[in-house]
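# Per-entry structural report
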Amino acid sequence: MYFLKSENNFDAAHFLKGYDGKCSNLHGHCWRVVAEIQGEKLSEEKQTRGMLTDFSDLKHALNELCDEFDHSLIYEKDSLRPSTLQAFSDESFKISEVSFRPTAENFAKYFYEKLSKKGFAVHRIEVYETAKNCAAYEEDESC
């Protein structure tokens, strides 16, 4: 089995609504996303011969996904009042609504699913909130 890894990062703020602790307050991270793909066979096509995939394709796809969140406030749908959203909009702040609680765990699954939909055979995604704290997601291949 062959594996490739690529990583990217984005700077963004978030908060955890309903959390009893400091993370309920608006705060930011330099989120680091590490994507690992896998495959049993290398390409035999002229351009990508001897490669699992062209690194530039994986890097580009991951960069696109990270850019969606870069320098934004990430919030869970229905976790902010309409008047708060309007105030952010009036100030021209970049805000990113997600359908999940914006935790590292949920972001790991989010990036896994997004890269899989782009055609990559994703093995594992790691998302770091800090240099020392990481969440990972990979599918259970026995299912």
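Throughout what follows, the structure given in this document is the object of discussion. As the structure is a prediction and not an experimental result, all values here were calculated from the model.

This paragraph deals with the pattern of salt bridges. Tallied over the full model, the rule gives six salt bridges. Between Glu126 and Arg124 there is a salt bridge, with the nearest N and O atoms lying 3.1 Å from each other. On the accessibility criterion, Glu126 (14% relative accessible area) is buried. Note on Arg124: relative accessible area 27%, which makes it partly exposed. For Arg124, the salt bridge identified is with Glu138, shortest N-O distance 3.0 Å. Of this pair, Arg124 sits in strand 5 (residues 122–130) while Glu138 sits in the segment after strand 6 (133–137); the two residues are 14 residues apart in sequence, bridging distant segments of the chain. Since its relative accessible area comes to 37%, Glu138 is described here as partly exposed.

Read across the open sheet, the six strands follow the order 4-3-1-2-5-6; overall the sheet is mixed. Looking along the sheet, the strands with just one partner apiece sit at the ends: strand 4 (95–98) and strand 6. Along the sheet, successive strands turn relative to each other by an average axial angle of 35 degrees, direction set aside. Bridge count for strand 5 against strand 6 is five bridges, and the pairing is antiparallel. Considered in strand 6, the bridge of Val127 is made with Ala135. Strand contacts of helix 1 (residues 55–67): strand 1 (2–14) and strand 2 (27–39), with the helix running at about 20 degrees to strand 1, the strand carrying the most contacts.

What counts and how
- Residues numbered from 1 in each chain as written.
- Predicted model: local features only at pLDDT ≥ 70, side-chain atom pairs only at ≥ 80, totals over all residues.
- Heavy atoms only, no water.
- Salt bridge = Lys/Arg side-chain N within 4 Å of Asp/Glu carboxyl O.
- Buried < 20%, exposed > 50% of the residue type's maximum accessible area, 1.4 Å probe, protein only.
- Helix = DSSP H or I, 4+ residues; strand = E, 2+ residues; numbered from the N terminus.
- Pairing = 2+ DSSP bridges.
- Axes fitted to C-alpha atoms, helices over the stretch in contact; angles between N-to-C directions.
- Contact = heavy atoms within 4.5 Å.

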